[in-house]
Amino acid sequence: MQESKLKVGVDVPWVTSWSAEESLGVRPCPSIGGRLAICQAERPGQGKPQYSMNHFRRQRETVRGMLCPMCGQPTEAGDRWTQIAKRTSAGVLRARGLSAALPAGLPDARVVIDAGSIAPLHKACVERSLEHCPHLRAHPGVEVMAWPERWSVAPLMVRAEVPAAPLAVLAAPRPAPGPVAVVGFLQLFGVTDMADPRWRRGLRK
Ligand SMILES: [Zn+2]
């Protein structure tokens, strides 16, 4: 596969998947402490960038390590910004079945920023991506917001077939394991200090 002229982290976001990074199926992944997760080959910069698809491991690293998805470098408190995250409330997220994603005891009225699977970026990287990315410029929900000091992370679980362990010498053949829930991307929720007393209006949306 050809090395691209486009530079990872400069012309193409660090987190973006490339066509040479084929799926490796389900494997234990160090990005989440060895839990079973969807994994991909590691060949950033080879083939063509797949702008609509994040690389599974790199996406998890951005959320776990607060790495900027654009340049791949760590972000520091005070320089973390989101551009298409949505303000919602703890109560609305709980109504959507996301209780486990939130800190216990957080009041329902607390304003929470649902960042989906996109970790916050450096301000300079926000500006660069808004300048250069046509998809982002056309996105109706672009609103640059400071990322709060508290957040929570929740795995987006997907059902997948786990292959039988290779090279295992078994005295008796075992049936192949059925589909199990494994980690796909990581979701990120910013916990603000604000409360929205009318948060229940969000339940109707
Ligand atoms: Zn950056």
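We now turn to the structure provided with this report. No experiment lies behind these values; they were computed from the predicted model shown. (Residues numbered from 1 in each chain as written. Predicted model: local features only at pLDDT ≥ 70, side-chain atom pairs only at ≥ 80, totals over all residues.)

### Some details on unusual backbone geometry
Positioned with a positive phi, Met-66 is a non-glycine residue whose angle comes to about 50°. Here Met-66 is to be found in the loop between helix H1 (56-65) and strand E5 (81-82). (Helix = DSSP H or I, 4+ residues; strand = E, 2+ residues; numbered from the N terminus.)

### Re the environment of Met-194
As for its position among the elements, Met-194 is in strand E10 (residues 179-195). Judged by the 12 C-beta atoms lying within 10 Å of it, Met-194 is exposed. (Buried ≥ 20, exposed ≤ 12 C-beta atoms within 10 Å, placed from the backbone.)

### Description of H1
With respect to burial, H1 is a largely interior element, eight of its 10 residues being buried. By the burial criterion, the buried members of H1 are Phe-56, Arg-57, Arg-58, Gln-59, Arg-60, Glu-61, Thr-62 and Val-63. Those residues of H1 that are buried lie in contact with strand E2 (23-29), strand E3 (35-40), strand E4 (49-54), strand E9 (150-161) and E10. Of the residues trailing H1, Met-66 is marked for its positive phi of about 50°. (Contact = placed C-beta atoms within 7 Å.)

### A few points about the environment of Leu-102
Among the secondary structure elements, Leu-102 is positioned in the loop between helix H2 (90-95) and strand E7 (110-114). The class of Leu-102 is partly exposed, set by 19 C-beta atoms lying within 10 Å. Taking the C-alpha atoms as reference points, Leu-102 and Arg-43, separated by 59 residues in sequence, lie 34 Å from one another. With near-sequence residues (within four places) excluded, Leu-102 lies in contact with Ala-90, Leu-93, Arg-94, Val-112, Ser-152 and Phe-189.

### A few points about the nonpolar core
Within the largest apolar cluster, 24 residues are counted, with the highest numbers of intra-cluster contacts made by Cys-68, Met-70, Ala-115, Cys-125, Leu-188 and Phe-189. Among the elements of the structure, H2, E7, helix H3 (123-132) and E10 are those that each provide at least two residues to this core. With residues up to four places along the chain from it excluded, the contact list for Cys-68 reads Gln-73, Thr-75, Leu-121, His-122 and Cys-125. Listed in part, the seven residues of the second largest apolar core include Cys-29, Ile-38, Phe-56 and Val-182. (Core = buried A, V, L, I, M, F, W, Y, C linked by C-beta atoms within 7 Å.)

Nothing here speaks to function; it is geometry throughout.
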